[in-house]
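So you can see what is in the structure, the chains are spelled out below.
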Amino acid sequence: MSTQKHAHVAGIFEHPTRFAPDKSVPQLHAECAVGALRDAGLSLSDVDGYFCAGDAPGGGPLWMADYLNLKVRWLDGTEAGGCSYLAHIQHAAVAIAAGRCSIALITLAGKPRSSGMATGTMPQTAGSDRPEAPWTSTYRWSIAGIYGMCAQRHMHQYGTTLEQMAWVKVSASHHAQYNTRALLRKLLTIDDVMDSPVISDPIRRLDCCVITDGGGALVLTTPEIARSLSRPFVRVIGAGQTIYTNDGGYCDLTRTGAERSGAAAFREAGIMPSDIDYASIYDNFTIAVIMQLEDLGFCEKGRGGAFVADGNLISGVGKLPWNTDGGGLCNNHPMNRGGITKAIEAVRQLRGEAHPAVQVKNCRLALASGPGLVTGGGHAHASVIFERN
Amino acid sequence: MNPDKSTLTFEQDPLAIAYPESREFWVAAEMGNLLLKTCDECGRAHWYPRTLCPLCGSERTQWKVGSGTGTIYAFSRSRRMDPPCTLAYVTLSEGPMLMTHIVDARAEDLKIGQAVSVQFRPTAEGRAMPFFSTV
Ligand SMILES: [Zn+2]
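Residues numbered from 1 in each chain as written. Chains lettered and ligands numbered in written order. Predicted model: local features only at pLDDT ≥ 70, side-chain atom pairs only at ≥ 80, totals over all residues. Heavy atoms only, no water.

This part takes up the environment of A:I281. Residue and element names in this part refer to chain A. On the secondary structure map, I281 appears in strand β9 (residues 278-281). Classification of I281 as buried rests on a relative accessible area of 0%. As for I281 and S369, which are separated by 88 residues in sequence, their C-alpha atoms are 5.0 Å apart. Dropping the residues within four chain positions of it, I281 is found in contact with V289, Q292, L293, L296, F298, W322, N323, K342 and S369. (Helix = DSSP H or I, 4+ residues; strand = E, 2+ residues; numbered from the N terminus. Buried < 20%, exposed > 50% of the residue type's maximum accessible area, 1.4 Å probe, protein only. Contact = heavy atoms within 4.5 Å.)

Given below as structure tokens:
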């Protein structure tokens, strides 16, 4: 069943905190839920579909649904790491189109910053029940180590440079300087990034995203209910999700699941990458943005480094305004999961609610896209295309 | 359970116990042999080892002794690890690539495509695991 035209984004909320030692994870989820419902002009009693991922207390949708005392008829606890919430948008759109729910709530929250989590550099020991664990856990692999190898391989195959990777961070900082809530507001230069210490070769500290507490929430609904609310019309016109597996040991580290999730979303929306006015692309590391831009079709494979150079991602300067909230690289990466903030900034742009300094004029089509988790060399991936009516 | 780690074997390792179908691999590893799951249907080796072939779906897979040789696909010096290590993917001569460490070489001396060969080292959990060094 197509998601097209049925699901409208009624409410969005990005938690303002970046450091919340005095709040529990359920409290943060609840504050995000209420925030997005208030934005929509709805309340908890209106919600009849609830979606969350592995960050939710208890690891599934039941515990937060109980905490919020939701009277739902549709539950979804799909765990696909940082892109879960983009997959949830597609699931919610399908459920709304099928009449299975009419007001869908998606929440994310967590507090890695106040719990002192060294997200990117610590050995990944979680998930010892995963089937690849006996073959990988010995090697103390880290997220930065995996993306370090992606970057090295991309540089080897396509001639991508460290300076081109630095452009991604510099572009994010150009946007973050206007975001009073961004964790990293300092306007960065190429030299700042190039001179930052190496974390896992060739990835430097400033190639990495920030670590923040917080969360976000989205409310999706039917066209009929959306018309009865006072928010601008933003609807889901295309979506896709996939897992890019390790392919039995034959995967290509320079490629991402964006090839499939992006193609599916563009096909359903009936548009081309060149039609996109604004793009939110998950930026856990600078190289991840370069690889996804290629795989989404914004440029030829291997040309992502050249594409991001010279400010091409900076709103008002380049051809593709991207992550205008400062993204995960500078603004916010709640619970190490960037999917929901990508969707939120895309909706802000379509509503005309982004910061005036970064607002894209006449923004009509926006993309939110990103990967989730690392599975034996692969990852999950999801993409959503929104349209303002 | 023997509290002395130096005498632990894979028989006590929770991850080896959780995957009884991989026992043959750990036994061979103790003797320095790298076993690869190879498919009777499509003839290809895969990694990580599974009971079905992820390349064609056949359940007719068997362990075969691999050459233990390959080339470096990618590597990254994890400078924040304690102790630091050189994480790598090695493309085995049989085809698939596996996660490992490159040992006995400085990261700055390594290159993508460089030839490497396996050496098994005991892990804290009791399993012997494949590590690679330059040849
Ligand atoms: Zn096969």
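Let us now look at the sheet that holds strand β1 (residues 35-39) of chain B. What holds strands together in a sheet is hydrogen bonding between their backbones, with the strands either parallel or antiparallel. All names here are of chain B. The strand order β2-β1-β3 describes an open sheet built from three strands, whose pairing is antiparallel. Each of the sheet's edge strands pairs with one partner strand only, and the pair in question is β2 (45-46) and β3 (61-65). Bridge count between β1 and β3: five bridges; the pairing is antiparallel. Looking at β3, one finds that T38 is bridged to Q62. (Pairing = 2+ DSSP bridges.)

On the chain A side, the residues contacting the 44 residues of chain B number 42 residues. Approximately 3,600 Å² of surface area, both sides summed, lies buried where chain B meets chain A, with 59% of it carried by carbon and sulfur atoms. Our count for the chain B to chain A interface comes out at one salt bridge. Where chain B packs against chain A, one counts 21 residue pairs in polar contact (both at pLDDT 80 or more). For the side of chain B that touches chain A, the elements supplying multiple residues, two or more each, are α2 (23-30), β2, β4 (69-78), β5 (85-92), β6 (97-101) and β8 (128-134) of chain B. Residue composition of the side of chain B that touches chain A, grouped by class: 27 nonpolar, eight polar and nine charged. (Buried area = accessible area lost by both parts, 1.4 Å probe. Salt bridge = Lys/Arg side-chain N within 4 Å of Asp/Glu carboxyl O. Polar contact = N/O pair within 3.5 Å; in protein donor to acceptor, adjacent residues only side chain to side chain. Nonpolar A, V, L, I, M, F, W, Y, C, P; charged D, E, K, R; others polar.)

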